[in-house]
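# Inside the fold
Letter by letter, the chains look like this.
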Amino acid sequence: MSVTANPGLEAFQPPDHGSWEPRRALALDVARRRTTFVRRLRLGFMTAAAAIVVILVAQLIFDGRSAGNPETETVSSDSRMVNPRFVGRDDALVPYVVTADAAIRERGGAPEVTDLERPRLDYDFLDTDASRVLAETGRYDADNRVLDLYSDVNLNTDDGYSFASEHARIFLREARVVGERPVSGNGPMGSIRADSYEIREGGDLLIFDGNVHMTLIQDRTDLSRTAQEEGSE
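This one's a predicted model, so the numbers in the text were calculated from it and none came from an experiment.

## Some remarks on the overall build of the protein chain
- In terms of regular secondary structure, the protein chain is built from 2 helices and 15 strands.
- Out of the 233 residues in the protein chain, the part that is buried amounts to 24%.
- In the protein chain, of all internal contacts separated by at least 6 residues, the share reaching a separation of at least 24 is 34%.
- Of the roughly 16700 Å² of accessible surface on the protein chain, a fraction of 54% belongs to carbon and sulfur atoms.

## Quick word on the sheet that holds strand β2 (residues 85-89)
- Spatially, 3 strands are ordered β2-β3-β6 in an open sheet, and the strand pairing comes out antiparallel. Of all strands in the sheet, those bounded by a partner on one side alone are β2 and β6 (120-123). In this sheet, neighbouring strand axes are inclined to one another by 15° on average, regardless of whether the strands run parallel or antiparallel.
- In this sheet, strand β3 (residues 95-99) lies alongside β2 in antiparallel orientation, the contact comprising 5 bridges. The residue of β3 that forms the bridge with V87 is V97.

## What to know about the packing of aromatic side chains
- For the coordinates displayed, the defined rule picks out 5 aromatic pairs.
- On the basis of an interplanar angle of 40° and a centroid distance of 5.8 Å, the ring pair of F163 and F208 is categorised as tilted. In this pair, F163 is assigned in strand β9 (residues 162-171) and F208 in strand β14 (residues 205-209), connecting sequence segments 45 residues apart.
- Site record: aromatic cluster; members linked through ring pairs are Y161, F163, Y197 and F208.
- Residue placement shows R176 over the ring face of F171; its charged tip is 4.3 Å from the ring centre.

## What about the pairing of strand β5 (residues 113-117)?
- Pairing analysis gives 3 bridges linking strand β4 (residues 102-105) to β5, with the strands arranged antiparallel. By the bridge assignment for β5, A103 is matched with L116.
- Bridge count between β5 and strand β7 (residues 137-141): 5 bridges; the pairing is antiparallel. Bridged to E117 within β7 is T137.

## Focus on the pairing of β2
- Side chains of β2 alternate between two faces, with F86 and G88 buried and R85, V87 and R89 left unburied.
- As consecutive antiparallel partners, β2 and β3 are separated by 5 residues, and within that stretch L93 has a phi angle of approximately 65°, a positive value.

## Some points on the confidence of the model for the protein chain
- In this model, the protein chain carries a mean pLDDT of 76, and residues with pLDDT of at least 70 account for 70%.
- Between the elements of the protein chain, mean pLDDT differs from a low of 50, seen in helix α2 (residues 220-232), to a high of 95, seen in β7.
- A low-confidence stretch, residues 66-76 (pLDDT under 50), is modelled with 3 contacts involving residues beyond four sequence positions or located in other chains.

## Things to note about the environment of F86
- Assignment of secondary structure puts F86 in strand β2.
- Remark: the alpha-carbon pair of F86 and V98, spanning 12 residues in sequence, is separated by 5.0 Å.

## A short note on the environment of A110
- Relative to the helices and strands, A110 is located in the loop between β4 and β5.
- Given the relative accessible area of 36%, A110 is considered partly exposed.
- Linking A110 and D141, residues 31 residues apart in sequence, is a C-alpha distance of 9.2 Å.

## Observations concerning the nonpolar core
- Grouped together as the largest cluster of nonpolar side chains are 29 residues, with contacts concentrated most on V98, L121, L149, L155, I170 and L172.
- Broken down by secondary-structure element, the contributors of at least two residues to this core are β3, β6, β8 (146-156), β9, β12 (190-194) and β13 (196-200).
- A total of 4 residues in this core trace back to one element, the largest contributor, which is β8.
- Setting aside anything within four residues of it in sequence, one finds L172 in contact with D90, Y96, V98, L121, Y123, Y140, R145 and L147.

Reading the values: rules and limits
- Residues numbered from 1 in each chain as written.
- Predicted model: local features only at pLDDT ≥ 70, side-chain atom pairs only at ≥ 80, totals over all residues.
- Heavy atoms only, no water.
- Helix = DSSP H or I, 4+ residues; strand = E, 2+ residues; numbered from the N terminus.
- Buried < 20%, exposed > 50% of the residue type's maximum accessible area, 1.4 Å probe, protein only.
- Contact = heavy atoms within 4.5 Å.
- Areas by Shrake-Rupley, 256 points an atom, 1.4 Å probe, with all protein chains shown as cover.
- Pairing = 2+ DSSP bridges.
- Axes fitted to C-alpha atoms, helices over the stretch in contact; angles between N-to-C directions.
- Phe/Tyr/Trp six-rings, centres within 6.5 Å; stacked < 30°, edge-to-face > 60°.
- Lys NZ or Arg CZ within 6 Å of the ring centre and 35° of its normal.
- pLDDT = per-residue confidence, 0-100.
- Core = buried A, V, L, I, M, F, W, Y, C linked by side-chain atoms within 4.5 Å.

Okay, structure coming up:
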């Protein structure tokens, strides 16, 4: 005896799961893959962050060592110029030229100060020219227009006096020379020695100080004239 299902009860029958199971498996697989990708991405971010932290710490350590050991800094040599030439004018607008065999500017020193080797001076105030060496060494201050000379200093004035010393400071702005070392000189009036000296007013005024010894030379013409006058009497 066969039983026939009543019509209208099909909605209460269990659905066919044949096509639903594969879809569910596919969704689970995609979810697993996405979870694995997120984990790997998170691990990559964490690794990159750790690397950045290590680099920053190492940089701080190296900077601290550099600050604590300044002697490891690489120091460049002093700048050197061959045949330098410095041009200027004094307060009376008289031009002058300072030259030398070489000029050396020390690293870290004042930019306007230059050390000179075998300096020369071409200036109307003194009987000099650019070809005659004034000293073995010197130092030129361009801002203050001061030329210091050291060792075997030889100066000549335009009225015939010659001086030798171990130091001379030439104030080019005001046409004045000051010597702080012993000096010996010769000129039309004789010879002189002193512990220090000064030349002012463009060579018209000579000042000597300290243990001054002077030998005056009388004009031979005046001597002859005096003898003739005494003989006629």
